[in-house]
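# Observations on chain architecture
Take a look at the letters that make up each chain.
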Amino acid sequence: MKILQRLGTMVRYTVAYAAITHCAFEYVGDFVLCKGPSMEPTLFSDNVLLTERLSKNWRTYQPGDIVIAISPINASQFICKRIVAVAGDPVLTQKPHPMEGNSKKPVMTRDYVPRGHVWIEGDNKGNSSDSRYYGPIPVGLIRSRVLCRIWPLSELTGL
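Residues numbered from 1 in each chain as written. Predicted model: local features only at pLDDT ≥ 70, side-chain atom pairs only at ≥ 80, totals over all residues. Heavy atoms only, no water.

## Observations concerning the nonpolar core
Quick reminder of the rule: Definition of nonpolar core: a set of buried residues of the types Ala, Val, Leu, Ile, Met, Phe, Trp, Tyr and Cys, connected through side-chain atoms within 4.5 Å. Using a 1.4 Å probe on the protein chains alone, a residue whose accessible area is under 20% of its type maximum counts as buried, one over 50% counts as exposed, and one in between counts as partly exposed. Helix and strand assignments follow DSSP, with helices taken as H or I runs no shorter than four residues and strands as E runs no shorter than two, numbered in order from the N terminus. Here a residue-residue contact requires only that any non-hydrogen atoms of the pair lie within 4.5 Å.
If you look at the biggest cluster of nonpolar residues, it comprises eleven residues: Tyr61, Val67, Ala69, Ile79, Ile83, Val86, Val118, Ile120, Tyr134, Ile137 and Ile142. When contributions to this core are tallied by element, the ones reaching two or more residues are β3 (66-70), β4 (78-86) and β7 (117-121). By residue number, the principal contributor to this core is β4, which donates three residues. Leaving out residues up to four positions away in the same chain, Tyr61 has contacts with Lys56, Val67, Ile83, Val86, Val139, Ile142 and Arg145. Of all hydrophobic cores here, the second largest spans nine residues; its members include Val32, Ile68, Cys80 and Val146.

## With respect to the side chain of Ser128
To keep things clear, this is the line we draw: Two N or O atoms count as a polar contact when they lie within 3.5 Å, although within protein this holds only if one can serve as hydrogen donor and the other as acceptor, and sequence-adjacent residues are included solely when both atoms are side-chain atoms.
Mapped onto the fold, Ser128 is located in the loop between β7 and α2 (131-134). Note on Ser128: relative accessible area 15%, which makes it buried. A polar atom in the side chain of Ser128 sits 3.3 Å from the backbone nitrogen of Gly122. Engagement of the side chain of Ser128 in a polar contact is seen with the side chain of Asp130, the distance being 2.9 Å. When sequence neighbours within four positions are dropped, the list of residues in contact with Ser128 reads Ser38, Lys81 and Gly122.

## Digging into the packing of aromatic side chains
Stated formally: For Phe, Tyr and Trp, where Trp contributes only its six-membered ring, two rings pair if their centres lie within 6.5 Å, and the inter-plane angle classes them as stacked under 30 degrees, edge-to-face over 60, or tilted in between.
Per the stated rule, a full pass over the model turns up three aromatic pairs. Ring centres of Tyr13 and Tyr17 lie 6.3 Å apart, and the angle between their planes is 20°; this geometry places the pair in the stacked category. With Tyr13 and Tyr17 both in helix α1 (residues 2-28) and four residues apart, this pair spans about one turn of that helix. The interplanar angle of 75° and the centroid separation of 6.1 Å between the aromatic rings of Phe25 and Phe31 together place this pair among those described as edge-to-face. Classification of Phe25 as partly exposed rests on a relative accessible area of 37%.

## With respect to the pairing of strand β9 (residues 142-151)
As a reminder, the rule being used: The rule for pairing is simple: two strands pair if DSSP sees at least two bridges between them.
The pairing of strand β2 (residues 48-52) with β9 spans five bridges and is antiparallel. Directly across from Leu49, in β9, lies its bridge partner Arg149. Sheet analysis places β9 next to strand β10 (residues 157-158), joined by two bridges and oriented antiparallel. Looking at the pairing, Arg149 lines up with Thr157 of β10.

Printed below as a string of structure tokens:
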């Protein structure tokens, strides 16, 4: 009987800790493993980041914030990018140039980020699929904001 009591107590504690852990990672913050070259030289593959999800309730996203978002072209993938512009900000976009023209200079047009959206880009412009490719993303796709890099320890820094 004493064994069953101990087992019951252990199960209750395990369920309570699991619930607390789930809520903390779902609503407070998370650890993210960064993969890919799109944020180099700021972040490299295999960097571990500490992110938070609370500030979206009292603070708007700002240009310069590094965020983790659901990819607008593959919903099962997360992306790590820097916010370059927020709703109402102007952005210069490159329109596809005609194949037949002799013009080697890309045509740049000025657009504005729509309400409820942000413009995100990787720091490694030459190797990043971002808003220059798929346009502004809805703020609802943003999962969290990066606070700091925690691994490797030699590069522990706030971002």
